Every structure is written in structure tokens, then in C-alpha cells.
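Observations on the three-dimensional arrangement
Each chain is listed here by its residues.
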Amino acid sequence: MAQRLPISRRNLLLGAAALGVPAALVGCGSDTPAPGGTASGNLGTVTIGSNASDEIPKRSLESQVKAFTQATTKINTVDHNTFQENINRYLRGTPDDVFTWFAGYRMQFFAEQGLAIDISDVWREIGADYTQAFKDQSTGTDGKQYFVPSTYYPWAVFYRKSLWQEKGYAPPATLDEFTALARRMKADGIIPIAFADKDGWPAMGTFDILNMRMNGYDFHISLMGGKESWTDPRVRRVFDTWRGLMEFHQPAALGRTWQEAGQSLAQKKTGMYLLGMFVAQQFPEADLDDLDFFTFPEVDPAYGTDSIDAPIDGYMLSAKAKNVDGAKALLKLLAQPSSQNIATKLDPGMLAASSKADTSGYSALQKRGAELVSKATHIAQFLDRDTRPDFASTVMIPSLQTFVGKPDEIDPLLASIEKQKANIFR
Amino acid sequence: MAVRTRRYSARDMTVLVIGLGVAVIVNLGLIWAPTLASIGLSGTDWNGIGPIEWVGGQNYHDLSAEYPPFWSAVRNNLLWLGFLGLVATPFGLFCAVLLDRRLRLSRVYQSALYMPVVLSLAVVGFIAQLVYSSDYGVLNAVTGLTVDWLGDSSVNIWVVMVAAAWRHVGYVMIIYLAGLKAVDPALKEAAAIDGANERQSFFRVVFPTLRPVNVIVLVITVIEALRAFDIVYAINKGRNGLELLSVLVTENIVGEASRIGFGSAIAVILLAISLGFIVTYLSQLFREER
């Protein structure tokens, strides 16, 4: 993995000079003309830059595009993380017409730089298929739409029904009940909350949900946008509450990956796990029916459980697109419920973004997930998608890891985050 | 020495210009230009897309005063250098000396010690995870400990350096072994006749004759310490106690973050540290030649 990255200083400098890196990386992608997509209509060729490098998402995109008859399509697949890390240079170099990306701040960031095309006209046609929350997440700071949502997955607290029945646990509705339940689990010899943060991002989920429960969605988004101070007493309270819960978290989290923590939940060593629905991947097929979840309990009645993290994946149109008409036609197809159902059928951890999508084929878990999201007034995109990428990766990841390692030193940590924030959001 | 004026024919000149010119262009284009560009960029704020904004020494202030990973990276790089130089390299020499004594099965030991060298450090990183993981790692399973070797930021750098040294020892050993084989046995014999014991004959006679090898090993050790990257990146992307300057540069510049000015400032610091060693080494070398 590391070898693919330029590692010497000189290579880095070359990269900084943006010499040919985007071209080289795109060249690395496999050029797969979509099978069956050759029956071209009158709109020429549409190219798609895809980060769907894993087996299932890749197959899913290929099958969705197969139904597109108005133009020939060509999918350039690039490794998921590589695609993400090189998005800047990719969009400034020779991007494909349509590219896979994320909703929310991450989309707005590139729209603001003029690297994406306004697709409000597409939204006039597809708008009725989406709820307001999805439309908001597809809208740039200028009020125009730049993004077509395809699939998403909610974050919630997952548990095994059989274990909970056996021990007589019930999903808690408030933080006090949650703490009481955790205490009971501890007494029963089970680690209450599975936890892992070796990769740096999973702890963001815990911060997000606590902040939204305690200070509300609006404060959370404004904090993510760099408009609030991290030394604010409200932020301090969040870390304080989290510190109080630390004794129930699985210890040694910084050396563990989420997959290992997911395994511990599957093996009933841990009682519950706050994670995205993709935790299902760690469960063997036979145990999938035993997996259930509840939304993180209420902390402040003023906000209840009105917000959740549910990152949305979808498509955007690059500013340098050569075939704008063809690309817009393709976006309309990808917004179709039938296209998104292909994805939800292939990947049980995903839900269709369109409200017209057919949910009859959903698994029990998918149905519960869709229900959870439909009840939420606000949908956040997860910390690293709701704020500047440089702030998330170079400040928040090390800071949250520091907190997980030493939960008692909150004040110096928050002061340090605030100082670094000031350097980035200037 | 008689001074003779040399005349170059047109052909000589062409050959000279092409031969030297290509080298100079490659040197300037691939080494000097990026180096100077990065020094220049280190005084700016640039996200790779928008306009480049000059901020002077701001980046250096930010990273030394307000960026906690920076100082742990400097500390780790120096630790790395110290550990390889003072522990791994002498141990490699020790192994070479033992193997040079033609022990039984010395070929087997030699291969066993040299084996890790063919592995990339990234692979060593994956192996280290199998050994040190707190839940499924071999070390905890065998010893019955529950230490979070890779997650605890006060111990992880040490165990990772052990893993890196595992590879470094073999490398150093093979170089010293070659050097030892080239030492004239007559020297040792003469020392023995003069009444030197084993230790004296090694430190007073054999080791000094290994001087050229020592220089090579020293350079390799310094290079290995400064370019360390892949092993920590494979383990946890160089975070939480495993920060290294090379990782911070990558993290800031190459990733989606694109803090190009800030990352360049870190790169310049790494350059300054490297230059310190390179200049010392070269000045030593030139002094001897004179």
C-alpha cells in the first residue's frame, strides 16, 4: 500500500509541483467499457471516474450503467483511497465527465472552487424523488445543486439480539439508561461498548453523535464549519460526557481496527457497538438476522434523537466535462430508484437515497435503517465529510486519538485544536 | 607539472555539452528545482487549487508551536537514528563477527538473519501487526500479557523500531561479513603472535581495517533512519506515537488535505536535518582525500 505513494522528499516535491500525477493515476485505473453499454444513443460517450474499486460496489456501478442507452459509457475505476487522496489534482487535470463523490461539505468545498457543474436543471426533474434532507446535502453554498445522491448508510448502536434476550437487556432511551445498561453488562462480564480507533476515523462517529445529542445539529455543523470555538464550554461538556463513558469502552482501542471490534461484537465479547451499518460485513451470513440496532439515546430533551450520521455517496459532474448533455442524462438514470435498488440488492449495508426506491427487497436490517433515517430531522455526513478535509485528517484524527489515549486531559487538547483550527480556517 | 593548453574540437564540445548538459538538466530539474520550489512553497499557504498566498514564516511558527505531531515526529526520527545506530548496527556487526568464525551451520544462521532484508518494510509492518496486535497478536498470546503494543503511544515506537531493526541487522551483517572476509588473515596471525588476545586483535587490528565498510554502514544507517516511512504507514498511518517527519509531509501534501505550504515547511525541516548529516559526511570524505 505504502509503496504506491511517493515516499521520498523529491517525489513529494514533484507531486507538489503537480507534474503528471493525476494523469499517471488515472492511467493506473482499469478502463472497463461498461459491458453491454455499447448500444450508443445519440449523445456520444460519457466517461465516469469511479472510486468503486471494491468488488461489490464495482459490480453495482457496472450494472446500473448497463441500463443507459443514450450514450456509450466508459468507467475508469481507481482505488478508493487513491481516488480520494488525489481528488484535487484529478479535478484540475483531465477529469472524467461524471465522478463518484460524497455529499455535504466535501461536495460544497469543490463546488465552491468551481470544479463542479451546477446541475439544478437535473434536480428539477429528479427533485420529487428525494426528501428535503437529501436535497440540502446536495446543495452548494450558493443554493444550487451539484450532487446526485445514490446510496447511504446510517450510524447507530449495533447489538446481537440473542445475547440481549438471554441477558434481558433492552435498548436504552436516555443517556442514564444507557449508562445503567453499560454498568449491568460490565457486572455480567461483558465489555459494554466495542471500540476501535486505530484508523483514526471511527472515534469521530462517537464525537458526532454526542455533540449532536447535546448541542444540536446546527451547532455541530457550525462547529464543523469552523465558526464556533473548540474551547466553548459546550464542546467541553461533550468531551466530559464521553470521558464518563470511557470506562465502558473496550480498552486498548488505539491498537484495534473497526473490523476487530466488529468481530468482538459478533463473538458476543462486547455488548454493543456504535458504527455505520457496514459493521454487518463482519457478521457471517447466518448471524446477520441476529444483528439489530437502536439510535444513540437522547441526552438533552431539547434535541431528542433528531439527528444522525448517515453519509451519502453519489455522483457529481466535473467542471471540465466534455459531454455535459450525456453526463446529465446519465445522472438522471443514476437517480432512478431502479438503479439504486441494484446497489442495495448487492450490498446489504447500503440503503437507496431515492424515496421512491423499492424497499420490499430490503433485508430486515435495511428496513430498520431506512425507518431510522426517515425519522431523523437532520442528517449529518460524518465528521470527515462535514468539515474541511485538511482539518479532519491533520487535526481531528491525531486529536481524537490523543483524547482516546488520555481522556483526562481535555482542556489542553481543546486549546490545541482551536489553535490549529485558526491556522486552517483562515 | 607542465601546463598544457587544451584545445577542444567542435566534436569534443558537442559531446561535452550533450554529456554534461543532460546531467546538469536532470540534476537541476529533478533535484534542485523541486528543492527550491519546496523551500519557496514553505512560505506560502496553498491548497493546490486556489491562489498561492505568501505567509512568510507563519508555517514554521504554526508547526513548531501549534502542531503537536511535529515534535513527536522529530523526536521519533532522532530515536530511530539512535536506535539503528547504537543498537541495531553494533548488533549486526556482532552477528557478522560470530558468523565469520565458521561456526557449525553458519550458513543457516546467515540466511536466517539475512532473510528479512529481502522484505519490504511495509511487509515488515504487516508482520509486526501479527506479532504485536493486542487481541490476536502472537506476543500477547504467548506471554499472556494484555499490553496494547501498537496502540499505546508510549511503547509503540519502541516495538516498531525493534521490527525495523530486525531487518536492519541482517543488512548490516551481510555488509560487515563481506568486509571481514576481505581482511587479510595474516594481520590477525601477526597480532596473535604479538600476544594480542581476541578482543584486542579485533578492536585494534581488524576493526580499523574495516574503515571503508564502516563509512558505508554509517551512511546506510542514517539514510534508513531518515527515510523510515513504510513500516509505520503500514501499521497505523504514522499516527498516535508513530509520527515521523516523512509521514507528516505525506499526510499534509499528498492526501486530500493538500496543505501544500504547511507540508513543504515540514519537508524543509527534514531537508535541513538530512543536510546536516550529508554535509558532515562529505566534508569528512573530502578532508581525507586531500
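What you see is a predicted model; the values in this text were computed from it and never measured.

Topic: the overall build of chain B
Helix and strand counts for chain B stand at 13 helices and two strands. Burial statistics for chain B: of 290 residues in total, 38% are counted as buried. Long-range contacts, defined here as pairs at least 24 residues apart, represent 65% of the contacts in chain B between residues at least 6 apart.

Quick notes on the sheet that holds strand 9 (residues 291-294) of chain A
Residue and element names in this part refer to chain A. Taken together, four strands build an open sheet; the order of strands is 7-8-6-9 and the sheet is mixed. Of all the strands in the sheet, just strand 7 (191-194) and strand 9 have a single pairing partner and so form its edges. Each strand of the sheet is rotated relative to its neighbour by a mean of 30°, with strand direction disregarded. Across five bridges, the pairing between strand 6 (residues 155-160) and strand 8 (residues 270-276) is antiparallel. Among the inter-strand pairings, alanine 156 is bridged to a residue of strand 8, identified as leucine 275. In the packing of helix 11 (residues 202-224) onto the sheet, contacts are made with strand 6 and strand 8, and the angle to strand 8 comes to roughly 90°.

Section: the pairing of strand 4 (residues 98-102) of chain A
Residues and elements named next belong to chain A. Within strand 4, five of the five residues are buried, which leaves it mostly tucked inside the rest of the structure. Where burial is concerned, the two faces of strand 4 agree: the one with Val98, Thr100 and Phe102 and the one with Phe99 and Trp101 are both buried. Relative to strand 4, strand 2 (residues 45-50) runs parallel, the two being bridged by two bridges. Across the sheet, isoleucine 48 pairs through a bridge with valine 98, a residue of strand 4.

What to know about the packing of helix 3 (residues 55-66) of chain A against helix 15 (residues 337-346) of chain A
Residues and elements named next belong to chain A. Remark: helix 3 packs on helix 15, axes separated minimally by 9 Å, with the N-to-C direction vectors making an angle of 155°. In terms of axis orientation, helix 3 runs roughly antiparallel to helix 15. The way helix 3 lies across helix 15 gives a crossing that is right-handed. Each of Ile56, Arg59, Ser60, Ser63 and Gln64 in helix 3 lies in contact with helix 15, whose residues at this interface are Ser339, Ile342, Ala343 and Leu346. Here the contact of helix 3 with helix 15 is composed, by residue class, of four nonpolar, four polar and one charged.

Comments concerning the nonpolar core
Core analysis: the largest hydrophobic core is formed by 120 residues, its most contacted members being Val98, Met107, Val157, Phe158, Tyr273, Met316 and Leu331 of chain A. Ranked by residue count, the leading element in this core is helix 11 of chain A, at nine residues. Counting only domains with at least three residues in this core, you end up with domain 1 (2-152 + 313-380) and domain 2 (155-309 + 388-424) of chain A. In this structure tyrosine 273 of chain A touches Val157, Phe158, Ala194, Ala261, Gly262, Leu265 and Val279 of chain A, once residues within four positions along its chain are discounted. Counting 61 residues, the second largest nonpolar core, distinct from the first, contains Val124, Tyr132, Met161 and Ala267 of chain B.

Let's talk about the interface of chain A and chain B
You'll often see interface size given as the accessible area lost when the parts meet. Contacts between chain A and chain B engage 42 residues on the former and 51 residues on the latter. Per element, the largest residue contribution to the side of chain A that touches chain B is eight residues, and it comes from helix 18 (residues 389-405) of chain A. For the side of chain A that touches chain B, a count of residues per class yields 17 nonpolar, 15 polar and ten charged.

Concerning unusual backbone geometry
Positive phi values are uncommon outside glycine, yet lysine 268 of chain A reaches one of about 65°. Locating lysine 268 of chain A in the fold gives a position in the loop between helix 13 (258-266) and strand 8.

A look at the environment of arginine 75 of chain B
Turning to its location among the elements, arginine 75 of chain B is positioned in helix 3 (residues 68-100). Take arginine 75 of chain B: there are 12 C-beta atoms within 10 Å of it, and that puts it in the exposed class.

Re the environment of aspartate 230 of chain B
Residue and element names in this part refer to chain B. Looking at the element boundaries, aspartate 230 is found in helix 11 (residues 230-236). Take aspartate 230: there are 23 C-beta atoms within 10 Å of it, and that puts it in the buried class. It is 15 Å that separates the C-alpha atoms of aspartate 230 and tryptophan 166, two residues lying 64 residues apart in sequence.

Side note on helix 15 of chain A
If you check which residues of helix 15 of chain A are buried, you get Ser339, Gln340, Asn341, Ile342, Ala343 and Thr344 of chain A. In this structure, the buried side of helix 15 of chain A is in contact with helix 3, strand 5 (147-152), helix 14 (324-334), strand 12 (351-352) and helix 16 (364-375) of chain A.

A closer look at the pairing of strand 5 of chain A
One face of the sheet, then the other: side chains in a regular strand alternate in exactly this way. Residue and element names in this part refer to chain A. Burial analysis of strand 5 places six of its six residues in the buried class, which makes it a mostly covered element. With five bridges connecting them, strand 5 and strand 11 (residues 312-317) associate as antiparallel partners. Directly across from phenylalanine 147, in strand 11, lies its bridge partner methionine 316. Bridge count between strand 5 and strand 12: two bridges; the pairing is antiparallel. Paired with threonine 151 across the two strands is alanine 352, which belongs to strand 12.

Digging into the domain arrangement of chain B
All names here are of chain B. By the assigned domains, chain B splits into domain 1 (29-65 + 259-290) and domain 2 (67-258). Computed from C-alpha atoms alone, the centre-to-centre distance between domain 1 and domain 2 is 27 Å. Contacts between the two partners involve 17 residues from domain 1, matched on the other side by 13 residues from domain 2. At eleven residues, the largest contribution of residues to the side of domain 1 that touches domain 2 is made by helix 13 (residues 260-289).

A few points about the domain arrangement of chain A
All names here are of chain A. Here the domain parsing of chain A yields domain 1 (2-152 + 313-380) and domain 2 (155-309 + 388-424). Domain 1 and domain 2 are separated by 28 Å when their C-alpha centres are compared. The partner domain 2 presents 20 residues to the 16 residues of domain 1 that form the contact. Going through the elements one at a time, helix 6 (105-112), helix 16 and strand 13 (378-380) are the ones with two or more residues in the side of domain 1 that touches domain 2. The greatest single-element share of the side of domain 1 that touches domain 2, amounting to six residues, is contributed by helix 16. Residue classes in the side of domain 1 that touches domain 2 are distributed as ten nonpolar, four polar and two charged.

Topic: helix 12 (residues 245-253) of chain B
Working note: α-helix, 3.6 residues per turn, so residues spaced by three or four point in the same direction. In terms of burial, helix 12 of chain B is largely enclosed, as nine of its nine residues are buried. Here helix 12 of chain B has its buried residues at Leu245, Ser246, Val247, Leu248, Val249, Thr250, Glu251, Asn252 and Ile253 of chain B.

Remarks on the UniProt feature "transmembrane region" (unreviewed entry) in chain B
UniProt records the feature "transmembrane region" (unreviewed entry) at residues 12-33, 78-99, 111-132, 157-178 and 260-282 of chain B, using the numbering of this structure. For the annotated span residues 111-132 of chain B, helix accounts for 73% and strand for 0% of the residues, and the straight-line distance between the end C-alpha atoms is 24 Å.

Comments concerning the packing of helix 5 (residues 121-132) of chain B against helix 7 (residues 156-181) of chain B
To characterise two packed helices, one gives the angle between the axes of the helices and the distance between these axes. All names here are of chain B. Contact geometry of helix 5 with helix 7 gives a least axis separation of 10 Å together with a crossing angle of 130°. Relative to helix 7, the element helix 5 lies oblique. The two elements helix 5 and helix 7 cross, and the hand of that crossing is right-handed. Seen from helix 5, the contacting residues are Leu121, Val124, Ala128 and Tyr132; seen from helix 7, they are Val159, Val160, Ala163, Ala164, Trp166 and Arg167. Here the contact of helix 5 with helix 7 is composed, by residue class, of nine nonpolar, no polar and one charged.

Conventions we followed
- Each residue is numbered by its place in its chain's sequence as written, counting from 1.
- Here every chain gets a letter starting at A, and every ligand a number starting at 1, in the order they are written.
- Reporting in this predicted model follows two pLDDT cut-offs: at least 70 for local features of residues, and 80 or more for side-chain atom pairs to be given and counted; totals over whole chains, interfaces and linings ignore these cut-offs and use all residues.
- Helical segments are the DSSP runs of H or I of at least four residues, strand segments are the runs of E of at least two, and each set is numbered from the N terminus.
- Exposure criterion: with C-beta atoms placed from backbone coordinates, a residue whose C-beta has 20 or more other C-beta atoms within 10 Å is buried, one with 12 or fewer is exposed, and one in between is partly exposed.
- We call two residues in contact when the distance between their C-beta atoms, placed using the backbone, is within 7 Å.
- For two strands to be treated as a pair, DSSP must find no fewer than two bridges joining them.
- To get an axis, a line is fitted to the C-alpha atoms, and for a helix only the part in contact is used. The angle between two axes follows their N-to-C directions and goes from 0 to 180 degrees.
- Angle categories: roughly parallel below 35 degrees, roughly antiparallel above 145, roughly perpendicular from 65 to 115, and oblique for all the rest.
- Note on convention: near helix rotated counterclockwise from far helix by under a right angle means a left-handed crossing. Clockwise means right-handed.
- Under the convention adopted here, Pro, Cys and the residues Ala, Val, Leu, Ile, Met, Phe, Trp and Tyr are nonpolar, Asp, Glu, Lys and Arg are charged, and Gly plus all remaining residues are polar.
- Linking buried Ala, Val, Leu, Ile, Met, Phe, Trp, Tyr and Cys residues through C-beta atoms within 7 Å yields a set, and such a set is a nonpolar core.
- Annotation comment: domain bounds sourced from an automatic or database domain assignment.
- UniProt positions are given in the numbering used here, feature names are shortened, and annotations may be inferred rather than shown by experiment.

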